[in-house]
Amino acid sequence: KNDSKVNNIELGFIYLFDGLDELDEMNADIVLNQLYELSQKSNTKKMIISCRSGNLNRIKAKTYFNDIVSYKIHDLDISYLDNYFNTKSIDSKSKKLKNFKENNIKLINDIKDILFIKLFWDTIEKLDGHSTILDLISKKINLLLNEPYHRKNIESLNLLNPKKEMILSLNQDISFEFQKKFQLRFSQKELQKLILNKFKRLDYESTNTIITYIADLFFEDSYLGNSNSSTSYIYQHRRYQEYFFTLKLKTEYEKNPLVLREFKILSNK
């Protein structure tokens, strides 16, 4: 509002705060307190807050806003999947969809949002009657890595073979490290430090090349931080980050089952 010079104009504002579930407990209280103060201003007409339904911050918000009205975005049903495939009009994929309805209805029923519909469309030729919802992400990542452009560029990375496995391992470490901090966005400096710690013999130029490669594959376009103007990154889809975190968590759990409590994965102790 300052940049647009509308702060002192008598306008009614509708504010959207997207992703209350992305804050840890302490920051959620700070933000909700600020939102409450904002809600008391005369030119605030409405506030819209999005939050995943299973997140505790959703309950916390109700202690700040007693009269809050809740709306739920429902899961997509199979009709949306049918419409997507019908609109695309590729017979071979439509036939495969029909086959999955007969031989892997569990996977079909697990596809409940537009991201998974898109991933299912992209990967359907690579799936079979035993595939699960996690395979959609796994196959999509493999497709990305095997695209001619990315496959060519991966050979230039200063990593041990198989380089594809090194890239997947690095993403697991990235998602795991920033889940510890409950942090979805990470700075270039943090990413550089993590890579240099993982690959001890790596030089600075190689480190930057690796960051460019994985950013092109998995991250949103870089942003400029307001405070220090440093580049920062975030995964294009939170599901990618959750997928890599799950793979790493499985490995860590096998070594130390208490990691589930340390990360507060389970709400019921």
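Above this text sits the structure in question.
Just so we're clear, the structure is a prediction, and the values are computed from it rather than from any experiment.

**Observations concerning the overall build of the chain**
Logical step 1: Check the secondary structure of the chain and you find 13 helices and 5 strands.
Logical step 2: Along the first, second and third principal axes, the C-alpha set of the chain runs to 60 × 50 × 45 Å.
Logical step 3: Looking at the chain residue by residue over its 269 residues, the buried ones come to 36%.
Logical step 4: For the chain, restricting intrachain contacts to residue pairs at least 6 apart in sequence, the fraction spanning at least 24 positions comes to 58%.
Logical step 5: Only carbon and sulfur atoms are counted for the fraction: they give 50% of the accessible area of the chain, which is about 17,700 Å².
Logical step 6: Between the centroid of the 42 positive side chains of the chain and the centroid of its 36 negative side chains there is a distance of 1 Å.

**A closer look at the environment of glutamate 254**
Logical step 1: Along the chain, the position of glutamate 254 falls in helix α12 (residues 238–255).
Logical step 2: The exposed category is assigned to glutamate 254, whose relative accessible area is 57%.
Logical step 3: A polar side-chain atom of glutamate 254 sits 2.8 Å from a polar atom in the side chain of lysine 250.

**Observations concerning a nonpolar patch on the surface**
Logical step 1: Residues Ile14, Leu16 and Ile48 make up a contiguous nonpolar surface patch of roughly 320 Å² in combined accessible area.
Logical step 2: Locating isoleucine 14 in the fold gives a position in strand β1 (residues 13–18).
Logical step 3: In this structure isoleucine 14 comes out as exposed when scored by relative accessible area, which is 56%.

**Quick notes on the pattern of salt bridges**
Logical step 1: Summed over all chains, the structure comprises 19 salt bridges.
Logical step 2: A salt bridge links arginine 52 to glutamate 242; its shortest N-O distance comes to 2.6 Å. Note that arginine 52 is positioned in the loop between β2 (44–50) and α2 (56–64) and glutamate 242 in helix α12, a separation of 190 residues in sequence.
Logical step 3: A salt bridge links aspartate 82 to lysine 101; its shortest N-O distance comes to 2.6 Å. Residue aspartate 82 is located in helix α3 (residues 78–88), and its partner lysine 101 is located in helix α4 (residues 91–103); the two are separated by 19 residues in the primary sequence.
Logical step 4: With relative accessibility at 32%, the residue lysine 101 sits in the partly exposed group.
Logical step 5: Linked by salt bridges that have partners in common, Asp21, Arg52, Asp113, Arg238, Arg239 and Glu242 make up one network.

**Remarks on the packing of aromatic side chains**
Any two aromatic rings considered together are summarised by their centre-to-centre distance and by the angle between their planes.
Logical step 1: For the structure on display, the rule yields 18 aromatic pairs.
Logical step 2: Between tyrosine 84 and tryptophan 121 the ring centres are 6.0 Å apart and the planes differ by 75°, which places this aromatic pair in the edge-to-face class. One end of the pair, tyrosine 84, is in helix α3; the other, tryptophan 121, is in helix α6 (residues 114–123), and 37 residues separate them in sequence.
Logical step 3: The exposure class of tryptophan 121 is buried, given its relative accessible area of 6%.

**Comments concerning α3**
Logical step 1: For α3, every residue scored as buried is listed here: Leu81, Asp82, Tyr84 and Phe85. Buried residues in α3, looked at end-on, bunch into an arc of 160°, giving them a common side. Exposed and oriented more than 90 degrees from the buried face of α3 are Asn86 and Thr87.
Logical step 2: Remark: serine 89 follows α3 within two positions and exhibits a positive phi of approximately 55°.

**Side note on the side chain of asparagine 57**
Logical step 1: Relative to the assigned elements, asparagine 57 resides in helix α2.
Logical step 2: Within the local environment of asparagine 57, its side chain forms a polar contact with the backbone oxygen of leucine 23, the two atoms lying 2.9 Å apart.
Logical step 3: Filtering out sequence-adjacent residues up to four positions away, asparagine 57 remains in contact with Leu20, Asp21, Leu23, Asp24, Ala28 and Cys51.

**Concerning the pairing of β1**
Logical step 1: Sheet topology note: the β1/β2 ladder contains 6 bridges and is parallel. Residue isoleucine 14 lies in a different strand from β2, and its bridge partner there is lysine 46.
Logical step 2: Handedness of the crossover joining β1 and β2 through helix α1 (residues 25–39) is recorded here as right-handed.

**Some points on helix α9 (residues 163–180)**
Logical step 1: Spanning 18 residues, α9 covers 26 Å between terminal C-alpha atoms, matching the ideal 26 Å at 1.5 Å per step.
Logical step 2: Those residues of α9 lying buried are Lys163, Ile167, Leu168, Leu170, Asn171, Gln172, Asp173, Ile174, Ser175, Phe176 and Phe178.
Logical step 3: Residue phenylalanine 182 follows α9 closely and has a positive phi angle near 50°.

Reading the values: rules and limits
Residues numbered from 1 in each chain as written. Predicted model: local features only at pLDDT ≥ 70, side-chain atom pairs only at ≥ 80, totals over all residues. Heavy atoms only, no water. Helix = DSSP H or I, 4+ residues; strand = E, 2+ residues; numbered from the N terminus. Buried < 20%, exposed > 50% of the residue type's maximum accessible area, 1.4 Å probe, protein only. Contact = heavy atoms within 4.5 Å. Areas by Shrake-Rupley, 256 points an atom, 1.4 Å probe, with all protein chains shown as cover. Lys, Arg positive; Asp, Glu negative; His and termini not counted. Charge placed at Lys NZ, Arg CZ, Asp CG, Glu CD. Polar contact = N/O pair within 3.5 Å; in protein donor to acceptor, adjacent residues only side chain to side chain. Patch = residues over 30% accessible without salt bridge, like charges linked within 9 Å, V, L, I, M, F, W, Y side chains within 5 Å. Salt bridge = Lys/Arg side-chain N within 4 Å of Asp/Glu carboxyl O. Phe/Tyr/Trp six-rings, centres within 6.5 Å; stacked < 30°, edge-to-face > 60°. Arc of directions from axis to C-beta. Pairing = 2+ DSSP bridges. Right-handed = clockwise from strand over helix to strand, strands pointing away. Expected span 1.5 Å × (residues − 1).

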